[in-house]
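Summary of the model geometry
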Amino acid sequence: MISANDLSPAELAALLHFHADAGVEWLLEEEAIDRFAEFEAMKAARRPAAAQAQQQHPAAGERPAGQAPPRPNAAARPAPAERAAPGPQPAIPDGEAVQQARFVAETARSLVELKTAIEAFTSCNLKHSARSTIFASGDAESGIMVIGSAPSAEDDREGMPFSGKSGQLFDKMLAAIGLKRSAILLTQVIPWRPPGNRAPSAAEMDICRPFIERQIALAEPKAILLLGNFSARFFFGENDTIHGLRGRWREIVVAGCVIPAIASLHPQDLLTAPVNKRLAWNDLLTFQAKLKSLSCLEISQS
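To keep things clear, this report deals only with the structure shown in the data block. (Residues numbered from 1 in each chain as written. Predicted model: local features only at pLDDT ≥ 70, side-chain atom pairs only at ≥ 80, totals over all residues. Heavy atoms only, no water.)

1. Structural notes on the layout of surface pockets
Selection rule: Cavity: a set of points on a 1 Å grid over the protein atoms alone where a 1.4 Å probe fits but cannot get out. Pocket: an open set with protein on both sides within 12 Å along at least five of seven lines, its lining residues, like those of a cavity, having an atom within 4 Å of a point. Grid points are joined across faces, edges and corners, and a volume is the space filled by probe spheres set on the points. Where helices and strands are cited, they refer to DSSP runs of H or I of at least four residues and of E of at least two residues respectively, numbered from the N terminus. Each residue gets one label: Ala, Val, Leu, Ile, Met, Phe, Trp, Tyr, Cys and Pro are nonpolar, Asp, Glu, Lys and Arg are charged, and the others, such as Gly, are polar.
The calculated volume of the second largest pocket comes to roughly 670 Å³. Taken together, 27 residues line the second largest pocket, and the ones lying closest to its centre are Ala150, Ser152, Asn197, His266 and Gln268. Of all the secondary-structure elements, those providing two or more residues to the lining of the second largest pocket are helix H1 (9–21), helix H7 (153–158), helix H8 (164–176), helix H10 (229–236) and helix H12 (267–272). Take the lining of the second largest pocket: its biggest share by element is four residues, from H7. Class assignment for the residues of the lining of the second largest pocket results in nine nonpolar, eleven polar and seven charged.

2. Considerations on the pattern of salt bridges
Note the following rule: The term salt bridge refers to a pairing of a side-chain nitrogen on Lys or Arg with a carboxyl oxygen on Asp or Glu at a separation within 4 Å. Exposure is judged per residue with a 1.4 Å probe applied to protein chains only, and the accessible area is read against the type maximum: over 50% gives exposed, under 20% gives buried, and values in between give partly exposed.
Tallied over the full model, the rule gives seven salt bridges. A salt bridge links Arg198 to Glu204; the shortest N-O distance between them is 2.8 Å. Using a relative accessible area of 33% as the deciding quantity, one classes Arg198 as partly exposed. Given a relative accessible area of 5%, Glu204 falls into the buried group. The shortest N-O distance in the salt bridge between Glu213 and Arg209 comes to 3.5 Å. Residue Glu213 and its partner Arg209 are located together in helix H9 (residues 202–219), separated by four residues, close to a single helical turn. Residue class for Glu213 comes out partly exposed when judged on its relative accessible area of 27%.

3. Let's talk about H10
Quick note on the threshold: Residue contacts are defined here by distance: any two heavy atoms, one from each residue, within 4.5 Å place the two residues in contact.
Within H10, six of the eight residues are buried, leaving the element largely enclosed by the surrounding structure. For H10, the complete set of buried residues consists of Phe230, Ser231, Ala232, Phe234, Phe235 and Phe236. Turning to H10, the residues buried within the fold contact strand S2 (144–148), H9, strand S4 (223–227), helix H11 (242–245), strand S5 (250–254) and strand S6 (257–264). Positioned one or two residues after H10, Gly237 has a phi angle of 70°, which is positive.

In structure tokens, the structure reads:
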């Protein structure tokens, strides 16, 4: 085992980031413990006790000659409930969880009520593996809504969308078209980080859909910017990549309202492939022009 004292600061930082991305969040022991040696010691300690028990109570095939087998004692037999401990309760079926999510979402009459309801919702398995519930933040009255995909590891730790390096780049993208976080409504399609940043399953998307649609219905935005491949596919209902879905205005229907929406690359995509920044810049300019035509940009800056 390599000691932390043997690592350079850069190597130690890289190791910590690796553990954080893998979902390691808590240090349980002050010092490392050799679990293999501990297990072997436990086995060695049990051998004398097991040998002594076998001498005192030989197996059925080793009874002394002429000794009759013991008669079963009904009083000593465990009751049916004691023979097998009850197993874990079955998980809520996906269909029932979706119905619960719809009821919870439709019952909320404000974003504050919806946030409280989502934080108390326990019928999505993503909730149990995530540290934070990521909900809409910013100005709900701005008429401008930006929707990301799902929380990253940094988002989960900080409790807010677009944290870390991608968040810093996102702030620069907003500033380039005269916006800032506090002047828009910012949220994610999925409120809980999937383990290992995996893609949400179809069932998880169905469970979370009422929550994001209710956020949109309560905020009543005039225009929506979708960031990332997942969010674009989620709302447009297509399987194309973000390069095929970005840059064109479309209409999405939520709670009977038709809202213009445009998709662009996620800031994390731009960190991975900076060459695509020019595509994102074109999308931002298109989004800015739409906001000006809807008089949203002047309102957000005032």
